[in-house]
Each structure stands twice: as structure tokens, then as C-alpha cells.
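Structure at a glance
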Amino acid sequence: MARRPLPRILSTGSAQIARSRDLARAQFARSRELARTASDSASDVLHPLITITRGLRRLASAGRRRWAETPKDKRGPLLFLVASVILVVALVPYGPLLAVITLMAAAAWQGRDRGPSTPEGPDESQLERLRALYEALVPYFSAAEDPAPLYTHGGEWEKAFPEYDFDGTGRVSRLLVRYPAYFTDGEAQARARIEHLLTTKSGRGREYHFDWDEEGNELTVSVLAPLPTDIAAQRFVTAPGETVLGFTDPSRTQRTLPLTHGVEQRDVPPVVWRTGIRSTEPHLLVMGQPGTGTSTLLRSIALQALQYGDVVIVEGGSTGEYACLTGRDGVLAVECGLAGAIASMEWAATETERRLIAVNRARQAGNPPPDDTKRPLWLLLDRPTAFSHLASTDGRRDPQSLLQVPLRHGRAANVTVVVAEQWDAMDALSDAVRQHTRARVVLGAATAQQLESALGAPPHTTPVADVPPGRGYARLGTGAVHRLQVPATPDPYDDATSDAHRQAVLELLPERTTPVEVEALPKMAKPQQPEPVPAEAVVAETS
């Protein structure tokens, strides 16, 4: 059967709509340009009147101040002198006309713009920077078959850079770049070359944000302000199940948190990670080199988690970074050895299974979940791969293999796993850790390839080589990549910690309920063994 052609009204309707839209845009742009021209013309015509009016107002203010400063016993002679001058002016031929001309001249002099005149456009050094940027972009934004190229050697850079701003040092702080439509802005490699070039020519050592507008063939380059590094550990205004990983740029989130730093109070946009049964990213993986703040982030998470739940800490580095939490209320264990780590992970796996069975039975009976399954349980592991070699040498089980159950069923059992590891041991992480930690944080200096492999997407900013501790990037699931600055949460027992930060951390620590000499493992030595369940009572993770 032959196909029928579409009616003419349907085939031409989209074209007519597009032409109408373009016509409306052109009319709007024309009307806006006419309004701007009329405003400029009116201001030019009325400028003398505005200047004289401003001068008369200043003269009147000066007269009032002079009258207020004159003593009361001298005001009479002053009035007599003014009246005499007015009488003389009135009797002199052409006196009133000369007086009005003199007054207008004085008002015009007093009403002039006294501020320093700002030069229009960039200065010579700024022009050289713009020309250099334009010439550097010519090989990337030009083609031999282009009849009217926008980028040519020695061409007009004003058309390519319609908007630009400079900072106090004379370097570019914001730049709008127009490029031809045939540039392959959809390819990551082509965009990366342009971003690297602009970063090099505009000045190294700064973080740049690139906003590509593929529809309008425009690229906006802006310099990001450094994130604040003076935010100390404190109680954040969050709901149960919300954890503040750090703070980011105001343009990346619409939420702010009130913070206190001494007597100063301010609102800062946070990066909030939501955990619990309704979370879509129930577990977290933190990557970084030594000294980049991975342990600081885990301490910050532990202090926030202890408000509503229990914490188990396994430290593979054996550096005593979490000794301040030993014996505290809600801290079930702080393990630094292989035997303690295996015992803690075995207990965590058994506790996860027990919670799953208890929740499943309650749901089958139509009852709410038991109270002992509602309290969140946090498993914080700092460098767990350090135990893998020890476990294989001793012929024991790798503690990472015991994380299979908490990672897979932790969301339904209200169990959260946080793993912090270094770049050199990333290949030693188990498949379960890689697959189920959908919330990612990268701290410290990292290459673009490392960031994309860890976060799953490249950041929209240029990473710099020298960053302060706790600075990095965060991505929650499939969301956007955020710049991140972790709040300062150092070890209070470290001699290098300042008194202000030490006191801030000590104030957040719970009360010590168990002596330091007593191990915390007996708290979990006798977990409630789950009773055998029938085959039909299969535990399934809630979606």
C-alpha cells in the first residue's frame, strides 16, 4: 500500500511556528534596543538639567549647614547682610539676570560628577591578554572552507569575546566565547582541549568553571572563588538521616545551612548525603592520597552519625586517628587489628541478617518494624585493603568479603557502610564495594582520568595541583559533580591541632560510658542469633 503524503498544513506547520518564533525574538530584540537608545538619548538631553538640580541641592544643603553653625547672636547681622545684597542686586541694572546666571553657573559647578572617571573598555595589558586568547583559539575554531570565519589571525576579537571581566590583578575573571557552529562541542576531547587552552592562557592556579551552551554556540568561562576553609566541626541543622559531607558553591545548590565561627554567623551551601531506607545512595566511597582529609571526613561523619545511631570503626592504617571515639556512647567498637576487624565485620553481617528477618516478620504480621531495627548502624572502614594481605598471610577471611551482606541489604536493614581508601590500593577494593557505593567523594589533587573513573563523570571545573586538606569533589549517585570542602574535624589528641579545632571536636564527642582499657567488642560478642525462618519468608530489599 502506498503511503499517503502528509497534509500541507502539517508539513508546513512546524516551519511556520519556527518562523513566527524567530520573528518574535527579532521584534523583542529590536524593541529592547530602541528602548535602550531612547533611554541613552533622554539621559544625554537631560544631563545639564540633572547637573544643575544636583548643584542647587548641594548649595541649599551648604546654606543650611552654615545657618546651623552660625551662633544665635550673629544670625541677625547675617540676615541684614543678605537682605542688603539682595537689595543692591535688585537696584543694579540687569542685576537679577546676572544673579540668576551666577547662581546657575555655581550650581552647575557644584553638581558636576566629582568621582574619578573610569576608562571605558580594557587597558593595554588587558587588550594584549584578549588578543592572545583570540590568536590561541584560531587553530581550533577556524576551517579553510569557512567563507566568513569568526576566528582568523589578526582578526576582530570583539566579535568573538562580546563580554569579559578582569580581576584586580589584570587577569581574566569571566569571559564569554562565541565559536562557529561546526565546532565539535559534543565531543569530550574537543571540549577538553579548549578548556585546557583557556586555563593555561588565562592563568594557572585558579579553578575555572566552563558552561557550554551548545544551542547558542557560546562558552562562558568564569573563575570560581575558593571555598571557605575556616569552617570547624559543629552541630549542623539537619534532619535524621541527613549527613553533611562538606560545603560547595552557592550556584550548585539551593539550600544553605546556618553556621557559627566564633562570633560570626553565616549561611553556607552544603553537600547533604541522605541515608536510610528511602535513600538511593545508601553507601559511600571516599578516595584520596594520605594527608588529603579522608580520615577527617570519616570523623565528621562519625560525629554526625552518633546523634541518632551506633558506629563501628575499623582502621586499617593503625595510626590511632579514632582513639578519641573509643568507649564513647554509641561507639560499639574501634578496631585496629586483623582479629578485631574480622570479628566486627562478622558481627555486622549477622546483625544485618537479624534486622532483615525481624523486619520481614513484622511486615508479614502487619506490624511496624521492631524498635531495635530502627536505630541506624554505621560501619566506617578506613583503608580496609590493609587487612587483605594480612588475612591472606594468616589464612583468614578477608574483612572485605564480610561486607557483602551489609552492602547489599544495608538499606533495608538501616545499615550504612562508608569506606575510605587511597589511590594506590583502589584495585584491591572488592567488587561489592565498587558496585554498591554509589555515593563518591574524591579528596586532594587528582587527574581528570582519576576523577572520572571514581565519580563516573568529569567535573565541570578544572582541578588544580595545590589544594588545601579536605578539598575535592563529591557526586551522589547520578547527580551533578560538586566541589567539596570538608569541615575541619582533626584528631583532638594530635599535638598539631589548634586549640579552637580541638575544643570544637571535644564538644561534639558523646559521654564516655566504657573505660578505655575495656574493649568495645564485648558489646557485640553475643548478637541475637536469628531463628530459622521458613522458605517462604524470603527477605527482599525494599525498593
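Residues numbered from 1 in each chain as written. Predicted model: local features only at pLDDT ≥ 70, side-chain atom pairs only at ≥ 80, totals over all residues. Heavy atoms only, no water.

1. So, the overall build of the chain
- Helix and strand counts for the chain stand at 14 helices and 16 strands.
- For the chain, the proportion of its 543 residues judged to be buried stands at 42%.
- When contacts within the chain are restricted to residue pairs at least 6 apart in sequence, long-range pairs at least 24 apart make up 66% of them.
- Accessible surface, the chain: about 30600 Å² in total, of which carbon and sulfur atoms supply 56%. (Helix = DSSP H or I, 4+ residues; strand = E, 2+ residues; numbered from the N terminus. Buried < 20%, exposed > 50% of the residue type's maximum accessible area, 1.4 Å probe, protein only. Contact = heavy atoms within 4.5 Å. Areas by Shrake-Rupley, 256 points an atom, 1.4 Å probe, with all protein chains shown as cover.)

2. Digging into the side chain of Thr 238
- Inspection of the secondary structure puts Thr 238 in the loop between strand E4 (218-223) and strand E5 (242-247).
- Among residues more than four places away in sequence, those in contact with Thr 238 are Val 244, Arg 255, Leu 257 and Tyr 308.

3. What about the packing of aromatic side chains?
- Here the structure, examined in full by the defined rule, presents twelve aromatic pairs.
- For the pair Phe 183 and Trp 212, a centre-to-centre distance of 6.2 Å together with 15° between the ring planes defines the contact as stacked. Of the two residues, Phe 183 sits in the loop between strand E2 (172-178) and helix H7 (188-202) while Trp 212 sits in strand E3 (residues 208-213), which places them 29 residues apart along the sequence.
- Exposure remark for Phe 183: the relative accessible area of 9% places this residue in the buried category.
- Aromatic side chains Trp 273 and Trp 378 sit 5.9 Å apart centroid to centroid with 90° between the ring planes, which places their arrangement in the edge-to-face category. Taken together, the positions of Trp 273 in strand E8 (residues 270-274) and Trp 378 in strand E12 (residues 377-382) put the pair 105 residues apart, joining distant regions of the chain. The pair Trp 273 / Trp 378 is uniform in exposure class, with both members buried. (Phe/Tyr/Trp six-rings, centres within 6.5 Å; stacked < 30°, edge-to-face > 60°.)

4. Remarks on the environment of Ala 420
- With respect to the helices and strands, Ala 420 occurs in strand E13 (residues 415-421).
- It is 9.7 Å that separates the C-alpha atoms of Ala 420 and Glu 315, two residues lying 105 residues apart in sequence.

5. Here we look at the nonpolar core
- Among the nonpolar cores identified, the biggest contains 39 residues, and Leu 379 and Val 442 are the most heavily contacted of them.
- For this core, the element with the highest residue contribution is helix H9 (residues 338-364), accounting for seven residues.
- When near neighbours in sequence (up to four residues on either side) are disregarded, Val 442 contacts Met 287, Trp 423, Leu 451, Ala 454, Leu 455, Arg 471, Gly 472 and Tyr 473. (Core = buried A, V, L, I, M, F, W, Y, C linked by side-chain atoms within 4.5 Å.)

6. Side note on the confidence of the model for the chain
- With 84% of its residues at a pLDDT of 70 or more, the chain has an overall mean of 83.
- Across residues 6-12, where pLDDT falls below 50, the model places zero contacts with residues more than four positions away in sequence or in other chains.
- For the stretch residues 525-543, pLDDT sits under 50, and the model shows 29 contacts to residues farther than four places along the chain or on other chains. (pLDDT = per-residue confidence, 0-100.)

7. Details of the pattern of salt bridges
- What the rule picks out here adds up to 22 salt bridges.
- The closest approach of N and O atoms between Glu 207 and Arg 471, which form a salt bridge, is 3.6 Å. Taken together, the residues span a long stretch of sequence, with Glu 207 in the loop between H7 and E3 and Arg 471 in strand E15 (residues 471-476) at a distance of 264 residues.
- Looking at Glu 207, the relative accessible area reads 10%, which means it is buried.
- The exposure class assigned to Arg 471 is buried, which follows from its relative accessible area of 8%.
- Salt bridges here are not isolated pairs; linked through shared partners, they connect Glu 207, Asp 249, Arg 471 and Arg 483. (Salt bridge = Lys/Arg side-chain N within 4 Å of Asp/Glu carboxyl O.)

8. Regarding the environment of Ala 391
- Mapped onto the elements of the fold, Ala 391 is located in helix H10 (residues 386-394).
- Under the relative-accessibility criterion, Ala 391 is labelled buried at 1%.
- Sequence spacing of Ala 391 and Ile 342 is 49 residues, and the spatial spacing of their C-alpha atoms is 9.2 Å.
- Filtering out sequence-adjacent residues up to four positions away, Ala 391 remains in contact with Leu 338, Arg 396, Arg 397, Asp 398 and Pro 399.

9. A few points about the packing of H9 against helix H11 (residues 404-413)
- Between H9 and H11, the least distance of the axes is 9 Å, while the angle of their chain directions is 40°. As H9 runs across H11, the sense of the crossing is left-handed. Where H9 abuts H11, its residues Ala 348, Ala 349, Thr 352, Glu 353, Arg 355 and Leu 356 lie against Val 405, Pro 406, His 409, Ala 412 and Ala 413.
- Residue composition of the contact of H9 with H11, by class: seven nonpolar, two polar and two charged. (Axes fitted to C-alpha atoms, helices over the stretch in contact; angles between N-to-C directions. Left-handed = near helix turned anticlockwise from the far one by under 90°. Nonpolar A, V, L, I, M, F, W, Y, C, P; charged D, E, K, R; others polar.)

10. Observations concerning the pairing of strand E10 (residues 310-315)
- In terms of burial, E10 is largely enclosed, as six of its six residues are buried.
- Note that E10 and strand E11 (residues 331-335) share four bridges and pair parallel. Across the sheet, residue Val 312 finds its bridge partner in E11, namely Ala 333. (Pairing = 2+ DSSP bridges.)

11. As for the sheet that holds E4
- The strand order E1-E2-E4-E3 describes an open sheet built from four strands, whose pairing is antiparallel. Two strands close off the open sheet at either side, each with one partner strand: strand E1 (163-166) and E3. Sheet twist, expressed as the average angle between the axes of neighbouring strands with direction ignored, equals 10°.
- Note: E1 against E2, four bridges, orientation antiparallel. Residue pairing for E2: Asp 165 is matched across the bridge by Arg 174.
- Running over the sheet, H7 touches E3 and E4 and is turned about 140° from E3.

12. So, unusual backbone geometry
- Its identity as a non-glycine residue notwithstanding, Arg 383 has a phi of 55°, on the positive side.
- Looking at the secondary structure, you find Arg 383 in the loop between E12 and H10.
- The phi torsion at Asn 414 lies on the positive side, around 65°, for a residue other than glycine.
- With respect to the helices, strands and loops of the structure, Asn 414 is situated in the loop between H11 and E13.
- With relative accessibility at 13%, the residue Asn 414 sits in the buried group.

13. Concerning a nonpolar patch on the surface
- Taken together, the side chains of Tyr 94, Leu 97, Leu 98 and Ile 101 present a nonpolar region at the surface, about 470 Å² in accessible area.
- On the accessibility criterion, Tyr 94 (66% relative accessible area) is exposed. (Patch = residues over 30% accessible without salt bridge, like charges linked within 9 Å, V, L, I, M, F, W, Y side chains within 5 Å.)

14. Some points on the packing of helix H2 (residues 47-69) against helix H4 (residues 95-110)
- It is the contact of H2 with H4, at a shortest axis distance of 7 Å, that shows an interaxial angle of 95°. Judged by the inter-axis angle, H2 sits roughly perpendicular to H4. Every residue of H4 that contacts H2 at Thr 51, Ile 52, Gly 55, Leu 56, Arg 58 and Leu 59 is listed here: Leu 103, Met 104, Ala 106, Ala 107, Ala 108 and Gln 110.
- Taken together, the residues that form the contact of H2 with H4 break down as eight nonpolar, three polar and one charged. (Parallel < 35°, antiparallel > 145°, perpendicular 65-115°, else oblique.)

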